[in-house]
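Per-entry structural report
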Amino acid sequence: MQLVLLVFLAALGYAACLAFGTVVAVRPAERGRTLVTEGVRLVLVAAAGLGVGAVTLLPTAAALGESARERVPYDDYASHWSVSETALLARTFWPSATPVGAEQMNDEMAFAGTATGVLALVGAVQRRRGAGLGRGILLAVALVTLGTPASWVAYHLVPGLDRLFPLGRALFLWCFAVALLAGLGLDAVIGRLRVWGAVALRMPSGTLADGRRTRRALRAGGAVVILAVVGGSAVQLVWYGRRVNPRSSPGTRHCSSPTTPVLDALSREATRIAEAGDRQRVVPVSGILPASIPMVFGIESAGGYESMMPRRVEAVWRVVAGSSPRQVLAEPSRGAYRSFYPAGVLRFGLLERLGVTTVLAVNEVPADPGWVANRPAPEATLRERYAGLDGRVDDLATGGPSRAWVVHEVEVVAGPEAALERFAETDFPFRDRMILEGDRPVVPAERGRPGAPATVTVAPLELNSARFTVESDEPGWLLMADTWAPGWSARVNGEPAPVLRADYVLRAVEIPAGASEVVLRYRPPGFVTGLWISTVTVLTVAVALVTSWWRGRRSLA
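This write-up is about the structure you can find in this document. Starting afresh in each chain, residues are numbered from 1 along the sequence in its written order. A pLDDT threshold of at least 70 governs which residues receive local features in this predicted model, and a stricter bar of 80 or more applies before side-chain atom pairs are shown or counted, although totals over entire chains, interfaces and linings include all residues. Just so you know, side-chain values use all the structure's heavy atoms and leave hydrogens and water out.

1. Comments concerning the environment of L461
Spelled out, the test is: In this text, helices come from DSSP runs of H or I with a minimum length of four residues, and strands from runs of E with a minimum of two, each type numbered from the N-terminal end.
Inspection of the secondary structure puts L461 in the loop between β10 (455–458) and β11 (465–472). Between the alpha carbons of L461 and R279 there is a distance of 8.5 Å; along the sequence they are 182 residues apart.

Below is the structure:
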């Protein structure tokens, strides 16, 4: 979102510069009226851009509002300037000779190709429309990323920049400006060839045949220059990309993501759990299958990498990873969330409360004392399903449904901090009770004589929806081990029902006694409003363009 905002601000700044140039070019007596006209046009252009993108901008802004990422203190920026003046200029023409790792990746993004960089030097001295934009972006990016006083100004004035770390990630704007200036430089070179050709044609010694040959040579020469520059830059960028991203195996699904015995064991577990009317969720221990790799195999993993994790979701999983609730709430996240669950500190007792059915670990993990010490029986009894050189799979013996169950009691706490602390307590009876936040008591579900335990069947997962079938002798609440978020709605037996945020981060829906079908659907907050705004904006712009075209035709007639 921050990068998109930077692009929008750059385009808006260029439009403002063009408007200013128009105002300066007119006579002094007309500048006041021209200033108002150009100002209105600039506002309309900005509004049109925001309006067209509202269908994605509003939901994204709502998601950012729930994000756990806090602003990065400026002192952290000032102590981590990794882009240097020499490297910025040198990397534009030739990439780094050293292997690019994760630490240097964001600061090695200035390379745009040797030919592109050379032509950008030509374009930078041109007096053409667009050259000012290129020069301005180069100057702005350099001043901000190199750690000058402009960095402090941009950090405090540009929205979202205080969460963009490191600032080397903004170097894509540098490459854009270099490419823009290179295009202008290439056009200038082709134009110079045409001038030379025109001079040659005017020479008195030339014949008609010579003139035709000269024109053909000029066209061929221009095409050769364009192909050489574009093709050479493409080849060089592909070469560089392959060098910093070496291919270790043939590019096939079987070779790049091979299925191993441990993955087969996970698949068998998923099938067994699905046949029981439940759904598998895996927690990886000690770094196995990191980041988004489980998605390749269709594994629903509690690990991964996420740059916009909701703050409550991140908090509860940081507690699972061994941190205390007070520590998590006192130390907000300032970057992307990278989940890692070491066996020595992982709180196995919380896994069942969050819908985890399966534990995936490296094969060395039984040697870790925490693998046994951190599993207080009977809260987290593991049953080995597979153990081999490529890892091990253990079933989390929960003694009950993993993804949804029925509770009949409610415990109300003062706020989020108290809810997280209570949810993380070892003796919290999560199978019978749920936690709600607020100061208003909740009427407990009416309980009759103890009957058969409630049964919950989980339907196969669908896009932005979930379906549950419940059989309960008593009314209560269906508690789902899935994340609550604004935008979820529910229907119980066809009737609307509120979706409560329970147990700090989970979803709950009240159900009556008997058989119930609970259907939940998700629609991102702001999506409907954004869709209306985008639709109206597109139609308005289309009508304005057609009207302008029609008026132009009538004036010519």
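Once the structure has been displayed, the description carries forward.
2. Here we look at the sheet that holds strand β7 (residues 404–407)
Going by this rule: One bridge is not enough; two strands pair if DSSP finds at least two bridges between them. The axes are straight lines fitted to the C-alpha atoms, using for helices just the contacting stretch, and the angles between their N-to-C directions are given from 0 to 180°.
Here four strands make up an open sheet; going across it, the order is β7-β12-β16-β15 and the pairing antiparallel. Edge positions in the sheet fall to β7 and β15 (500–502), since each has one partner strand and no second. Recorded for the sheet is a direction-independent mean angle of 35 degrees between the axes of neighbouring strands. Strand direction decides the pairing type here: β15 and strand β16 (residues 506–511), joined by three bridges, are antiparallel. Directly across from A502, in β16, lies its bridge partner L506.

3. Description of helix α6 (residues 114–124)
For the α-helix, the turn length of 3.6 residues means that residues three or four positions removed from each other point alike. Selection criterion: Accessibility here uses a 1.4 Å probe with only protein chains present; expressed as a share of the type maximum, an area under 20% marks a residue as buried, one over 50% as exposed, and anything in between as partly exposed. Arc definition: directions from the helix axis to the C-beta atoms.
Of the positions making up α6, those classed as buried are T116, G117, L119, A120 and G123. In a view along the axis of α6, the buried residues occupy a sector of 165 degrees, so they form one face of it.

4. Thoughts on the pairing of strand β4 (residues 358–361)
Residues T358 and L360 point to one face of β4 and V359 and A361 to the other, with burial holding for every one of them. Strand direction decides the pairing type here: strand β1 (residues 282–285) and β4, joined by four bridges, are parallel. The residue bridging V282 from the neighbouring strand is T358, located in β4.

5. Notes on the nonpolar core
For clarity, the cut-off: The term nonpolar core refers to a set of buried residues drawn from Ala, Val, Leu, Ile, Met, Phe, Trp, Tyr and Cys, joined through side-chain atoms within 4.5 Å. For this analysis, residues touch if any pair of their heavy atoms sits within 4.5 Å.
Counting residues in each nonpolar core, the largest one holds 47 residues, and the members touching the most others are W317, Y341, L351 and W371. Looking at this core, the elements that each hand over two or more residues are β1, α14 (311–320), β4, β7, α17 (416–423), β9 (433–437), β12 (476–483) and β16. Element by element, the count of residues in this core is highest for α14, at six residues. Sequence-distant contacts of W371, defined by excluding residues within four places in its chain, comprise V285, A343, F348, V359, A361, V365, P366, L382, R392 and D394. Among the nonpolar cores identified, the runner-up in size contains 35 residues, and A142, L173, A182 and V229 belong to it.

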